[in-house]
Amino acid sequence: MSVNTLLTLGGGRSMKTAGPGLLAGCKILTIEGYTSIADLKPGARVVTRSGLKRLRHLNKTTRFFKPVAVTSGSLGYTRPARNLKMAPDQEVMVRDWRAEVLFGRDAVVIPVSRLLDGKYIFSQGEAAHHDVYELVFDIEEVFYADGVELLSKHPTATSKEDHLTEAA
């Protein structure tokens, strides 16, 4: 099933406030193992649901929002492997009981803010400026951040505000 099909099933992309992204400290699964998102470089080979893909861009922006904290194991066994922070509009793939109960589907891609429960997935602290990282591939990809399946930014959705690093 393609990512685009999953998006239509779950009704993803309905909320656009802070934009998608991950905060510093997050670890991305690459061919060399988990690598800090801040250390990724264009051309890095990242593990995705469709195989190894070369990172086209790594966008880094500063945005004002209240981050969402996802506690270790709250999205499945060892997912995430450790506590993780992300922008409220970061799209996550859910393939457990939540997809079935909330959407009547086996799998959905939805903004993490739609999963807030106040205990294991919650808004953390006050709204503030945060450095946010976004991975961009040749097409949308589902990649792994600390064990959680996340949707990359669509390559044509790059805005003029983004600070882009080009792949060679």
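About the criteria used
Residues numbered from 1 in each chain as written. Predicted model: local features only at pLDDT ≥ 70, side-chain atom pairs only at ≥ 80, totals over all residues. Heavy atoms only, no water. Salt bridge = Lys/Arg side-chain N within 4 Å of Asp/Glu carboxyl O. Helix = DSSP H or I, 4+ residues; strand = E, 2+ residues; numbered from the N terminus. Buried < 20%, exposed > 50% of the residue type's maximum accessible area, 1.4 Å probe, protein only. Patch = residues over 30% accessible without salt bridge, like charges linked within 9 Å, V, L, I, M, F, W, Y side chains within 5 Å. Areas by Shrake-Rupley, 256 points an atom, 1.4 Å probe, with all protein chains shown as cover.

Colleague: What am I meant to see in the pattern of salt bridges here?
Modeller: When the charged atoms of two side chains with opposite charge come close together, those side chains can pair. Applying the stated rule across the entire model yields seven salt bridges. As a salt-bridge pair, glutamate 149 and arginine 95 come within 2.9 Å of each other at their nearest N and O atoms. With glutamate 149 in strand S14 (residues 148-151) and arginine 95 in the loop between strand S9 (91-94) and helix H2 (97-103), this pair connects stretches of sequence that are 54 residues apart. A salt bridge links lysine 153 to glutamate 134; the shortest N-O distance between them is 3.4 Å. Here glutamate 134 lies in strand S12 (residues 128-136) and lysine 153 lies in the segment after S14, a separation of 19 residues in the sequence. By relative accessible area, lysine 153 is classed as buried at 12%.

Colleague: What should I look at first to understand a nonpolar patch on the surface in this one?
Modeller: Judged by side-chain polarity, Trp97, Val101 and Leu102 come together as a nonpolar surface patch covering roughly 360 Å² of accessible area. The exposure class assigned to tryptophan 97 is exposed, which follows from its relative accessible area of 54%.

Colleague: Looking at this structure, how should I read unusual backbone geometry?
Modeller: Across residues other than glycine, the phi torsion is negative in most instances, and most of the peptide bonds are trans. Across the junction of arginine 79 and proline 80, the peptide omega takes the value -10°, indicating a cis bond. With respect to the element layout, proline 80 can be found in the loop between strand S7 (68-70) and strand S8 (84-86). With a phi close to 60°, threonine 78 is a non-glycine residue in the positive phi region. Residue position: threonine 78 is located in the loop between S7 and S8. The partly exposed category is assigned to threonine 78, whose relative accessible area is 44%.

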